[in-house]
Amino acid sequence: MTAVELFFSNDTQHTLTRHGVAALLEGAAHALTLEKPVAVDVAITGEKTIQNLNKFWRGKNTVTDVLSFSSVEQKRGAPLFVTPPDDVLRLGQIVICPTYVYKQARRNNEDKQKALETAIVHGFLHLLGYNHERGGNDEEVMMALQKNIISHAH
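Let us look at the structure shown here. (Residues numbered from 1 in each chain as written. Predicted model: local features only at pLDDT ≥ 70, side-chain atom pairs only at ≥ 80, totals over all residues. Heavy atoms only, no water.)

1. Points about the environment of Glu 47
Next up, step 1: In this fold, Glu 47 is placed in helix α2 (residues 47-58).
Next up, step 2: Using a relative accessible area of 23% as the deciding quantity, one classes Glu 47 as partly exposed.
Next up, step 3: As for Glu 47 and Asp 65, which are separated by 18 residues in sequence, their C-alpha atoms are 8.7 Å apart.
Next up, step 4: A distance of 2.8 Å separates a polar atom in the side chain of Glu 47 from a polar atom in the side chain of Lys 103. (Helix = DSSP H or I, 4+ residues; strand = E, 2+ residues; numbered from the N terminus. Buried < 20%, exposed > 50% of the residue type's maximum accessible area, 1.4 Å probe, protein only. Polar contact = N/O pair within 3.5 Å; in protein donor to acceptor, adjacent residues only side chain to side chain.)

Here it is as structure tokens:
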């Protein structure tokens, strides 16, 4: 199985654990058959923080469920210019707002835990270069991968 090095922070009262996120990302890396180990930073935060980040980085003054900040900014499948000496690809940061994820889940009549896992996987896929906002069949590909990963997480 591919190794996922996880840096985890939680500045909320939410009980999401480092172990649970690590297991989910390991499963995702395995399902995607990643060839090299990766490092990911996952930050669990509240609505005000994620709204401020969304406004600053995306120009959208709204709360959102997940933001991804890539440290490699590559097109899917493109080689990196420099491979780190330890061969661990540092993908970037995923910021999750569980409060907002749960609000969306209630509104859509979805399971809260599954919605949270979906948001984390969604952010991970963005860090790997998948982007549903590009058009074409990118959205179909990304959503199919996301669904497959979540279905294998249970």
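Still more ground to cover, so stick around.
2. Considering the nonpolar core
Next up, step 1: In terms of nonpolar packing, the biggest core is built from 37 residues, with Leu 25, Val 40, Ile 96 and Phe 124 touching the most fellow members.
Next up, step 2: Put simply, the parts of the chain that give this core at least two residues each are β1 (4-10), α1 (18-31), β2 (38-44), β4 (89-96), α3 (98-107), α4 (112-127) and α5 (138-152).
Next up, step 3: Counting residues per element, this core draws most heavily on α4, at eight residues.
Next up, step 4: For Val 40, the contacting residues outside a window of four places in its chain are Glu 5, Leu 6, Phe 7, Leu 25, Leu 91, Gly 92, Ile 94, Phe 124 and Leu 127.
Next up, step 5: One finds Ala 43, Leu 67, Val 95 and Tyr 100 within the second-largest nonpolar core, a separate group that totals seven residues. (Core = buried A, V, L, I, M, F, W, Y, C linked by side-chain atoms within 4.5 Å. Contact = heavy atoms within 4.5 Å.)

3. Points about the pattern of salt bridges
Next up, step 1: Scanning all chains against the criterion turns up one salt bridge.
Next up, step 2: In this structure, the salt-bridge partner of Lys 103 is Glu 47, at a minimum N-O distance of 2.8 Å. In this pair, Lys 103 sits in helix α3 while Glu 47 sits in helix α2, placing the two residues 56 residues apart along the sequence.
Next up, step 3: Under the relative-accessibility criterion, Lys 103 is labelled partly exposed at 34%. (Salt bridge = Lys/Arg side-chain N within 4 Å of Asp/Glu carboxyl O.)

Keep in mind these values describe shape, not function.
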